[in-house]
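Structural features, examined
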Amino acid sequence: MDLSFLTVQVLSALRQAAFLFLISSGLTLIFGVLNILNFAHGSLYMLGAYFVYALTLHFTGPAGFLIAILAAPLGVALIATVIETGLLRRIYAQEEIYQLLLTYALVLIIDDLAKIIFGPEFKSIPVPGLLSGSVILFGGMVPVYTLLVVVLAPAVALLLWYLLYRTKTGKVVRATSSDREMADALGINMSVLFTLVFAFGAVLAGLGGALAGPARTVFPGVGTEVIIESFVVVVIGGLGNLWGALIGSILIGSLETIGIIVFPEFEMSLIYLLMVAVLVVRPWGLFGRPLKVKALSEKNLAMEAQEISPVHFSVLPLVRWTPLLLLLLVPLFVGEFYQYLLTQIFIAALMAIAFNLLLGTTGLLSFGQAAFFGVGAYTAGLLLTKGGFATLPALVMAPVVAAVAAGIIGFFCVRLSGVHFAMLTLAFGQLIFTVAFKWYGLTGGDNGIQGIPVKSIPLGGLGTVDLGSTRAMFYFVLVVVGISVEMLRRFRSSPFGATLKAIRENGQRASFLGVNIHLYQWTAFVIAGAFTGLAGGLFALMEKSISPEIIHWSKSAEPVFMAIIGGIYTFAGPAVGAVVFVILNSYLVAWTEKWALVLGLVLLTLVLLLPGGVVGFVNEKARQTLGNLRCLRKWSFSKSETL
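Residues numbered from 1 in each chain as written. Predicted model: local features only at pLDDT ≥ 70, side-chain atom pairs only at ≥ 80, totals over all residues. Heavy atoms only, no water.

1. Structural notes on the overall build of the protein
Looking only at helices and strands, the protein features 27 helices and four strands. On C-alpha atoms alone, the protein measures out to a radius of gyration of 26 Å, which is about the 26 Å that the 2.2 N^0.38 rule sets for 643 residues. Its C-alpha atoms put the protein at 80 × 60 × 50 Å along the principal axes. Within the protein, the fraction of its 643 residues that count as buried is 55%. When the accessible area of the protein is evaluated, it comes to approximately 26900 Å², of which 69% is carbon and sulfur surface. The protein carries 37 positive and 29 negative side-chain charges, and their two centres are separated by 9 Å. (Helix = DSSP H or I, 4+ residues; strand = E, 2+ residues; numbered from the N terminus. Rg over C-alpha atoms; globule rule 2.2 N^0.38 Å. Buried < 20%, exposed > 50% of the residue type's maximum accessible area, 1.4 Å probe, protein only. Areas by Shrake-Rupley, 256 points an atom, 1.4 Å probe, with all protein chains shown as cover. Lys, Arg positive; Asp, Glu negative; His and termini not counted. Charge placed at Lys NZ, Arg CZ, Asp CG, Glu CD.)

In structure tokens:
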């Protein structure tokens, strides 16, 4: 290989590693002390780039550029301080899932605000003449700005090392990262410390954005792309470990460069393959250490009470079946648009309820559920377009193939817990996404599969069901989803479901009682994957076209939203959340271009004011009312038979 070419590529990889290190070091510092996986960290990176853009419009020349680079991170830190003191501080006692949701709501809000303030166009930040040229290094032409970034990143790493290991404040931060309870008992002001660490982490993100801005274009949403790579870095290096973030950044930066040169078709897959390999072999990362995983019952006992519903579903079957009977009449009164919207809601509700068998019932947060939705959709789509299958066999194969995929992925995932479980499911999900995105010969690549033929379904000697109309599809999906939801309800109400809840409450205690928790978790994972795959198959039939976007990690966030909106500790909660989410999405997009801002504010409000979700709130109020009326004893409470 030519030395000049090698020099350029090595420096290019180091520049990418430098950007990743600046962002991921802040992310891992925040996680180490505050124990929060901050999704909004990428948005803080984006703000750093935008601030530099805005400042360089007013301050020109090398001095102006230097002022912008230094001032932008401070502006980001100010915003981060407001976020920590005004929002995050309110939910430290909640489970991690609420922290993830709140920070994701901030992503939606910040992205749309950036679009309003700076415009939706791509922005280029000019570099002063002094830094815009190139130099010849070992025969290769290297931009001066690349050399600046490559030198600055190690300098920041050394400064971080000094601050953390040679100053009193740094030692307090490290002590808090190791044992928060002990630090609290020693009289350390945790509120002030948390604010300082969050703001300092934001400074690093802002500095990363400020330096990356002139080298890349800036646009709303760029932080969402960066945050996933940062998660990969901190997971590989070890959550909360600064040196791990440094090594992880170099590994990912190098792998991306090598992938582009040697394996261009699989460049996107390489980093997720590495992430999967590290998490499977060493779940706490190359330089991390095992995290103390608290049982759900240790975190928030108040949430458990939400599962006890005053509405005993099993003794009131009319309550259960009335909505279904009413839905059968809906097409007689509404047009095709509402029939189509309701069909979307049915599919979303099935996906959310299946997902909640993991989160609400078993206590496992899967961030790769879209992978099984995509596997089901692509199975049905490929069998119909290329396999020549009839509609019903193709649809039946969707959950079967999804269950097989879930069985393989779940075998590795259920050995982990907490954040590591979520990150491994995210890695597998993204791996499947990259395969679907790049495998043009089978999946159509980024074009997806168009024009999926949906044939009539024969009913023996009773004729056929033609799914060509919106109304026919509405009834077909309603029946399939109705049967599936009833099956999931029975799973949850059975002794199997009760055992899953026992594992959720305290897996260690369940293990001591002789329960094979990994087997139960794996079974729940497969069941959830199969029904999610069925939802994907129905989606392929309804839309008649599919694309890799349905497997992207952002799609995995949707069932999480639905479950949280409706209430994760209730069976019907995710279905109610699906109704709210789909309607919000559909109407907000039509009503305003700022739909992400409105959706983010709604999610933020729900997390802060209704942590038990809509159904959880209704249950709680109903219990209080019935208790006041002394009617509470009429219901025999059972955690396995709740609305």
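2. Some words on the pattern of salt bridges
Per the counting criterion, the structure on display carries seven salt bridges. Within this structure, Glu486, Arg489 and Arg490 form a network of salt bridges that share partners. (Salt bridge = Lys/Arg side-chain N within 4 Å of Asp/Glu carboxyl O.)

3. A look at the packing of helix α17 (residues 369-385) against helix α18 (residues 391-413)
The N-to-C vectors of α17 and α18 enclose an angle of 145°; their axes lie 8 Å apart at closest approach. In this structure, α17 crosses over α18, and the sense of that crossing is right-handed. Within the contact between the two elements, α17 uses Phe372, Val375, Gly376, Thr379, Ala380, Leu383 and Leu384 and α18 uses Thr391, Ala394, Met397, Ala398, Val401, Ala402, Ala405, Ala406 and Ile409. A class-by-class count of the residues in the contact of α17 with α18 yields 13 nonpolar, three polar and no charged. (Axes fitted to C-alpha atoms, helices over the stretch in contact; angles between N-to-C directions. Left-handed = near helix turned anticlockwise from the far one by under 90°. Contact = heavy atoms within 4.5 Å. Nonpolar A, V, L, I, M, F, W, Y, C, P; charged D, E, K, R; others polar.)

4. Some remarks on the environment of Ser134
Relative to the helices and strands, Ser134 resides in strand β1 (residues 134-137). If we ignore the near neighbours within four places in the chain, the residues touching Ser134 are Met141, Val142, Pro143 and Val144.

5. Some thoughts on the pairing of β1
For a regular strand, side chains alternate in direction, first toward one face of the sheet and then toward the other. Across four bridges, the pairing between β1 and strand β2 (residues 140-143) is antiparallel. Paired with Val135 across the bridge in β2 is Val142. Count of turn residues in the β1/β2 antiparallel hairpin: two residues, of which Phe138 carries a positive phi of about 55°. (Pairing = 2+ DSSP bridges.)

6. Considerations on the environment of Asn38
Note on placement: Asn38 falls in the loop between α1 (3-34) and α2 (41-58). When its relative accessible area of 1% is taken as the criterion, Asn38 is described as buried. The sequence separation of Asn38 and Thr28 amounts to ten residues, and the corresponding C-alpha distance is 9.3 Å. If we skip the residues at most four places from it in the chain, Asn38 touches Leu27, Ile30, Leu44, Thr103, Phe198, Ile227 and Phe231. In this structure the side chain of Asn38 is engaged in a polar contact, spanning 3.0 Å, whose partner is the backbone nitrogen of Ala40. (Polar contact = N/O pair within 3.5 Å; in protein donor to acceptor, adjacent residues only side chain to side chain.)

7. Structural notes on the packing of aromatic side chains
In the structure shown here, the tally under the stated rule is 21 aromatic pairs. Measuring from centroid to centroid gives 5.5 Å for Phe39 and Trp553, while their planes differ by 10°, and the two rings are stacked. In this pair, Phe39 is assigned in the loop between α1 and α2 and Trp553 in helix α24 (residues 553-566), connecting sequence segments 514 residues apart. Arranged with centres 5.3 Å apart and planes meeting at 80°, the rings of Tyr92 and Phe194 form a pair that is edge-to-face. Highlighted residues: Tyr92 in the loop between α3 (61-86) and α4 (96-118) and Phe194 in helix α9 (residues 190-212), separated in sequence by 102 residues. Looking at Phe194, the relative accessible area reads 6%, which means it is buried. Among the aromatic residues, those joined into a cluster by ring pairs are Phe39, Tyr104, Phe231, Phe367, Trp553, Phe561 and Phe581. Stacked on the ring of Phe411, the Lys or Arg Arg415 has its end atom at 4.3 Å from the ring centre. Sitting above the plane of the Phe539 ring, Lys555 keeps its charged end 5.8 Å from the centroid. (Phe/Tyr/Trp six-rings, centres within 6.5 Å; stacked < 30°, edge-to-face > 60°. Lys NZ or Arg CZ within 6 Å of the ring centre and 35° of its normal.)

8. Concerning the confidence of the model for the protein
Averaged over the protein, the pLDDT score is 85; the fraction of residues at 70 or greater is 93%. A low-confidence stretch, residues 295-305 (pLDDT under 50), is modelled with 23 contacts involving residues beyond four sequence positions or located in other chains. In this model residues 308-314 is a low-confidence stretch, pLDDT under 50, and it forms 30 contacts with partners more than four residues away in sequence or in other chains. (pLDDT = per-residue confidence, 0-100.)

9. Overview of α17
Its 17 residues give α17 an end-to-end C-alpha distance of 24 Å, which sits within 8% of 24 Å, the value for a rise of 1.5 Å per residue. Burial analysis of α17 places 16 of its 17 residues in the buried class, the great majority of the element. (Expected span 1.5 Å × (residues − 1).)

10. Some words on the packing of α2 against α4
Across the interface, α2 lies against α4 with an axial gap of 10 Å and an inter-helix angle of 15°. For the element pair α2 / α4, the angle class is roughly parallel. In terms of crossing hand, the pair formed by α2 and α4 is left-handed. On α4, the residues touching Ser43, Met46, Leu47, Tyr50, Phe51, Tyr53 and Ala54 of α2 are Val107, Ile110, Asp111, Ala114 and Phe118. For the contact of α2 with α4, the residue count by class is ten nonpolar, one polar and one charged. (Parallel < 35°, antiparallel > 145°, perpendicular 65-115°, else oblique.)

11. A few points about the side chain of Thr103
With respect to the helices, strands and loops of the structure, Thr103 is situated in helix α4. The exposure class of Thr103 is buried, given its relative accessible area of 0%. Not counting residues up to four positions away in its chain, the partners in contact with Thr103 are Leu37, Asn38, Phe39, Ala40 and Leu88.

12. Quick notes on unusual backbone geometry
Apart from glycine, the bulk of residues carry a negative phi angle, and the bulk of peptide bonds sit in the trans form. Positive phi, normally seen in glycine, also occurs at Phe138, with a value near 55°. Here Phe138 shows up in the loop between β1 and β2. A relative accessible area of 60% places Phe138 in the exposed class. The backbone phi angle of Lys544 is positive, close to 65°, even though this residue is not glycine. In this fold, Lys544 is placed in the loop between α23 (517-543) and α24. For Lys544, a relative accessible area of 30% gives the class partly exposed.

13. A short note on the environment of Ser554
Among the structural elements, Ser554 can be located in helix α24. The exposure class assigned to Ser554 is partly exposed, which follows from its relative accessible area of 28%. Only 3.0 Å separates the side chain of Ser554 from the side chain of His552, close enough to count as a polar contact.

14. Here we look at the side chain of Asn506
Within the fold, Asn506 resides in helix α22 (residues 495-512). Among the polar contacts made by the side chain of Asn506, one reaches the main-chain amide nitrogen of Arg509 at a distance of 3.2 Å.

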